Amino acid sequence: MDKTINQKAWFLVLPVFLVVAFSAVLPLMTVVNYSMQDTFGNNQFFWNGVGWFKELLDPSTDLGGRFLTSLWRNLFFSAVILAIEVPLGIVVALSMPRQGWSVAACLVIMALPLLIPWNVVGTIWQIFGRPDIGLLGYVLHKIGLNYNYVSNDLDAWATVIVMDVWHWTSLVALLCYAGLKSIPDAYYQAAQIDGASRWAVFTAIQLPKMNRVLLIAVLLRFMDSFMIYTEPFVVTGGGPGNSTTFVSIELVKIALGQFDLGKAAALSLVYNLIIIIVCWIFYTVMTNAGAERRVKKGVA
Amino acid sequence: MARIDLVDLAHSYSGDEAPGSFALKPVSMTWRQGGAYALLGPSGCGKTTLLNLISGIVTPSRGKILFDGVDITPLSTQKRNIAQVFQFPVIYDTKTVRQNLAFPLKNRGVAQPEIDARVAEIADLLDLTPYLWRKATRLTADAKQKISLGRGLVRSDVAAVLFDEPLTVIDPELKWQLRSKLKALHRALDLTMIYVTHDQTEALTFADTVVVMHDGRVVQSGTPAELFDKPAHTFVGYFIGSPGMNIVPAEVRGREARVDGHVIALTRGYGGFPPGIKIEIGVRPEFVEVAPPAPNLLKADIERIDDLGRIRFARVRVGNAKFAARVPPGFSVPDRAAGLVFDPAHVHVYANSLLVEGSS
């Protein structure tokens, strides 16, 4: 095949290249630049090499301690979120209607929390949980529970988790629902003929057929919960103490609270790296599953 | 082991009793134990509906289904001793071939040693033994269809196996193999098999009784030879055979049919028909020959010749009607005009599309 060689075509890529450079590459390189320096204000910077990175990974220093504590806290938070939202999302998807007007009604109602700005979600729950004017807090007090997310670590965690479950379970449910809808009726009919119980239908048909959407759901929910900032910040401000200070909240404290640009830049890079690595792992797992499917098709 | 009787069975998906809304119009018939049946008809004729009614996936809006005289209409699919193979292979993705085959027995609480024995037996029958430990998803479409079938056969209680166009996704050269396999299985196991298809070759090679459906109605059931020689409905004549039966409007009186002013002799006598009834004669292309034009033959214009290798068919025009007729070997085809020679024994008379038996 004869290809026309025309290097001028590169000019067509130029606008995109410029946009990406200004929106992503240059800011990122600025962060890389900051992460190697220290500043005492007045726009004076001093070379610090990989000092911040060493400190970041050393739990005995102040920076390292704060980073690693918030990192573990954040990973634990993500694990709890996934452990609740994924099974709950599946259960919700399974119990949704398959046809009729109620499908549309369910979809709209479930999409509602996803449409609310994160800040507003935080505000809703901040007020909802207050013992004086919030419905939840008030009711809990009336039935004799000493619930207070401002002073009690456990209450603060519970509030943040319930809020996230409320906000994001529908995403998992909607994804699972799409996966369920794509299963041909013949599978259910065959299972019926094979005498499968409800549980057997779930484990033999529904769960395997949902595995791809579930992978996407887990990826999205992991990313979002690992990067969570707005909602807990609005509700608890990272407290009581540091008990709900997740990595991004810690980062903002260092960057904007203390104006330690070097430390914050180093932290953001490591944070970013962790997210990219996890993304890559998920991507590899997903494409491998896809490749397997293609091989099967080839054989058939 | 079961004889299946359908008693005034009908189904309408909308639940509406208006005559036009029935996907399956009322039918009564018997499927004998051990028979190989094919349900043949074009898409949308109600054959899958009938199949799903028998397997219990769909509950009929009217009528009863009897297995060996016992009414099983209200029973769920699980409780009927029926297996079904679907158009697209249904396999359980995460399971191995062995686990797939064992699944129906596991669900029914059969003891493990018995499961192992049955699975081994059926795998052997279906030539699946080498794949038993493989993941079922990795296999080809025909192997998957065999697994679907195997899941039905492992159950010792299964009386009938229903196939819903099972060869749709199979490669042509494997279709033959799988079809012969089904035939062999039918001979080896004393099972009633009902095979839905819109492919007449599949139906005629598989079944000893072919049930032809059209527009929600069973129009004829019989052996392939009966369907070919004596179609009970013009649709059967047209649908079975390639090319299909020639059907032309005619006037029939006594032992004569008149087409386009020309008289065609009949072997049977027909009484007068009341006015307002559509009278047609039907004759298969195999029983009409083209000949050089002659005054005593029906005149036809040859439009083209289809050479099928073994046999040649002339596509001709008689008045406004299209006709297909056999070209005898060694016959050199005239330019356009030709005459048609009919074999009177194979000319049938249809009144309002239904076969009329004349008196001999």
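Since this is a predicted model, take the numbers as computed values, not measurements.

**Student:** If you had to explain the overall build of chain A to someone new, which residues and values would you point to?
**Tutor:** Of regular secondary structure, chain A possesses 12 helices and two strands. The order of helices and strands in chain A, counted from the N terminus, is α-β-β-α-α-α-α-α-α-α-α-α-α-α. Computed over C-alpha atoms, the radius of gyration of chain A comes to 24 Å, more than 25% over the 19 Å expected from 2.2 N^0.38 for 300 residues, which places it beyond the range of a compact globule. Within chain A, the proportion of its 300 residues that are buried is 26%. Contacts in chain A between residues at least 24 apart in sequence constitute 67% of all its contacts with a sequence separation of at least 6.

**Student:** Lay out helix H3 (residues 62-95) of chain A with the relevant residues and their values.
**Tutor:** Side chains of residues three or four places apart in an α-helix project in the same direction, reflecting 3.6 residues per turn. The end-to-end C-alpha distance of H3(A), which contains 34 residues, comes to 49 Å, matching closely the 50 Å that a straight helix rising 1.5 Å per residue would cover. Along H3(A), the positions that sit buried rather than exposed are Leu63(A), Arg66(A), Phe67(A), Ser70(A), Asn74(A), Phe77(A), Ser78(A), Ile81(A), Glu85(A), Gly89(A), Ile90(A) and Ala93(A).

**Student:** Go over the domain arrangement of chain B with me, naming the residues and quoting the values.
**Tutor:** Residue and element names in this part refer to chain B. As assigned here, chain B comprises domain 1 (4-239) and domain 2 (246-356). When each unit is reduced to the centre of its C-alpha atoms, the spacing between domain 1 and domain 2 is 39 Å. Facing eight residues of domain 1, the contacting portion of domain 2 comprises eight residues. A per-class count over the side of domain 1 that touches domain 2 returns four nonpolar, three polar and one charged.

**Student:** Which residues make up the nonpolar core, and what values go with them?
**Tutor:** All names here are of chain B. In this structure, Ala-38, Leu-39, Ile-194 and Tyr-195 are the most contacted members of the largest nonpolar core, which totals 79 residues. At five residues, helix H2 (residues 97-107) tops the list of elements feeding residues into this core. Apart from residues no more than four positions distant in its own chain, Ile-194 is found in contact with Trp-31, Tyr-37, Leu-39, Leu-51, Ile-54, Ala-160, Leu-162 and Phe-163. Val-259, Leu-266, Phe-313 and Ala-324 belong to the second largest nonpolar core, which has 27 residues in total.

**Student:** Give me the lowdown on the packing of H3(A) against helix H9 (residues 198-226) of chain A, citing residues and values where you can.
**Tutor:** All names here are of chain A. Axis separation between H3 and H9 bottoms out at 9 Å; the angle between their running directions is 145°. When you trace H3 past H9, the crossing you get is right-handed. On H9, the residues touching Asn-74, Phe-77, Ser-78, Ile-81, Leu-82, Glu-85, Val-86 and Gly-89 of H3 are Leu-214, Ala-217, Val-218, Arg-221, Phe-222, Ser-225 and Phe-226. Residues of the contact of H3 with H9, tallied by class, amount to nine nonpolar, four polar and two charged.

**Student:** Residues and numbers for the pairing of strand S9 (residues 209-214) of chain B, please.
**Tutor:** The side chains of a regular strand alternate between both faces of the sheet. Residue and element names in this part refer to chain B. Taking burial as the measure, the six residues of S9 include five buried ones, the bulk of the element. The pairing of S9 with strand S10 (residues 217-222) spans five bridges and is antiparallel. Bridging from a neighbouring strand, Val-211 pairs with Ser-221 of S10. The hairpin turn running from S9 into S10, its antiparallel successor, is two residues long, and Asp-215 in that turn takes a positive phi close to 55°.

**Student:** So what about the interface of chain B and chain A? Which residues, and what values?
**Tutor:** Between chain B and chain A, the residue contacts involve 24 residues of the former and 18 residues of the latter. Sorting the residues of the side of chain B that touches chain A by element identifies strand S6 (82-85), H2 and helix H4 (141-153) of chain B as the ones contributing at least two each. In terms of residue class, the side of chain B that touches chain A is made up of 10 nonpolar, nine polar and five charged.

**Student:** An account of the confidence of the model for chain A is needed here, citing residue identities and associated values.
**Tutor:** Caution is warranted with low-pLDDT regions, since their predicted coordinates should not be read in detail. Residue-level pLDDT values for chain A average 85, and 96% of them are 70 or greater. Segment residues 296-300 of chain A: pLDDT under 50, and six contacts once partners within four positions in sequence are set aside and those in other chains are kept.

**Student:** So what about the sheet that holds strand S8 (residues 192-197) of chain B? Which residues, and what values?
**Tutor:** Residues and elements named next belong to chain B. Across the sheet, which stays open at both edges, the six strands sit in the order S6-S7-S8-S3-S9-S10 with mixed pairing between neighbours. Looking at strand neighbours, the two that pair on one side only are S6 and S10, the edges of this open sheet. When the angles between neighbouring strand axes are averaged without regard to direction, this sheet yields 20°. By the bridge criterion, five bridges tie strand S3 (residues 36-40) to S8 in an arrangement that is parallel. Residue pairing for S8: Leu-39 is matched across the bridge by Val-196. Packed on one face of the sheet, H4 meets S6 and strand S7 (160-164) and runs near 175° to S6.

**Student:** Before we move on, can you summarise the packing of helix H8 (residues 185-193) of chain A against H9(A) with the specific residues and values?
**Tutor:** All names here are of chain A. For the pair H8 and H9, the least separation of the axes is 11 Å and the interaxial angle reads 145°. Like other packed secondary-structure pairs, H8 and H9 cross with a definite hand, here right-handed. Across the interface between the two elements, Tyr-187, Tyr-188 and Ala-191 of H8 pack against Val-201, Ala-204 and Ile-205 of H9. When its residues are assigned to classes, the contact of H8 with H9 shows six nonpolar, no polar and no charged.

**Student:** Report on unusual backbone geometry, specifying residues and quantitative values.
**Tutor:** Residues and elements named next belong to chain B. Here the amide bond leading from Ser-242 into Pro-243 is cis, since omega sits at -5°, within 30 degrees of zero. Phi at Glu-165 takes a positive value of approximately 45°, unusual for a residue other than glycine. If you trace the backbone, Glu-165 turns up in the loop between S7 and helix H5 (172-188). C-beta crowding within 10 Å serves as the criterion here: with 21 such atoms nearby, Glu-165 is assigned to the buried category. Of note, Ser-353 is a non-glycine position whose phi angle comes to about 75°, a positive value.

**Student:** An account of the sheet that holds strand S14 (residues 279-283) of chain B is needed here, citing residue identities and associated values.
**Tutor:** Residues and elements named next belong to chain B. Reading across from one edge, S11-S14-S20-S21 is the order of the four strands in this open sheet, with antiparallel pairing throughout. The sheet is open, and its two borders are formed by strand S11 (246-249) and strand S21 (354-356), each paired with just one other strand. With direction set aside, neighbouring strand axes in the sheet form an average angle of 40°. Strand direction decides the pairing type here: S11 and S14, joined by four bridges, are antiparallel. Across the sheet, Asn-246 pairs through a bridge with Val-283, a residue of S14.

**Student:** For helix H7 (residues 153-181) of chain A, give the residues involved together with the corresponding values.
**Tutor:** Taking 1.5 Å per residue, 29 residues should reach 42 Å; H7(A) reaches 41 Å between its end C-alpha atoms and fits that length. Its axis deflected by about 40° at Trp168(A), H7(A) carries its strongest bend there.

**Student:** How would you explain the pairing of strand S15 (residues 288-291) of chain B if you had to name every residue and give the values?
**Tutor:** Residues and elements named next belong to chain B. Of the two faces of S15, only the one carrying Val-288 and Val-290 is buried; Glu-289 and Ala-291 on the other face are not. Inspection of the sheet shows S15 paired to strand S19 (residues 337-342) by four bridges, in the antiparallel sense. If you follow Val-290 over to S19, its bridge partner there is Leu-340.

Rules used in this analysis
- Residues numbered from 1 in each chain as written.
- Chains lettered and ligands numbered in written order.
- Predicted model: local features only at pLDDT ≥ 70, side-chain atom pairs only at ≥ 80, totals over all residues.
- Helix = DSSP H or I, 4+ residues; strand = E, 2+ residues; numbered from the N terminus.
- Rg over C-alpha atoms; globule rule 2.2 N^0.38 Å.
- Buried ≥ 20, exposed ≤ 12 C-beta atoms within 10 Å, placed from the backbone.
- Contact = placed C-beta atoms within 7 Å.
- Expected span 1.5 Å × (residues − 1).
- Domains from an automatic or database assignment.
- Nonpolar A, V, L, I, M, F, W, Y, C, P; charged D, E, K, R; others polar.
- Core = buried A, V, L, I, M, F, W, Y, C linked by C-beta atoms within 7 Å.
- Axes fitted to C-alpha atoms, helices over the stretch in contact; angles between N-to-C directions.
- Left-handed = near helix turned anticlockwise from the far one by under 90°.
- Pairing = 2+ DSSP bridges.
- pLDDT = per-residue confidence, 0-100.
- Bend = angle between axes of the 7 residues up to and from the residue.

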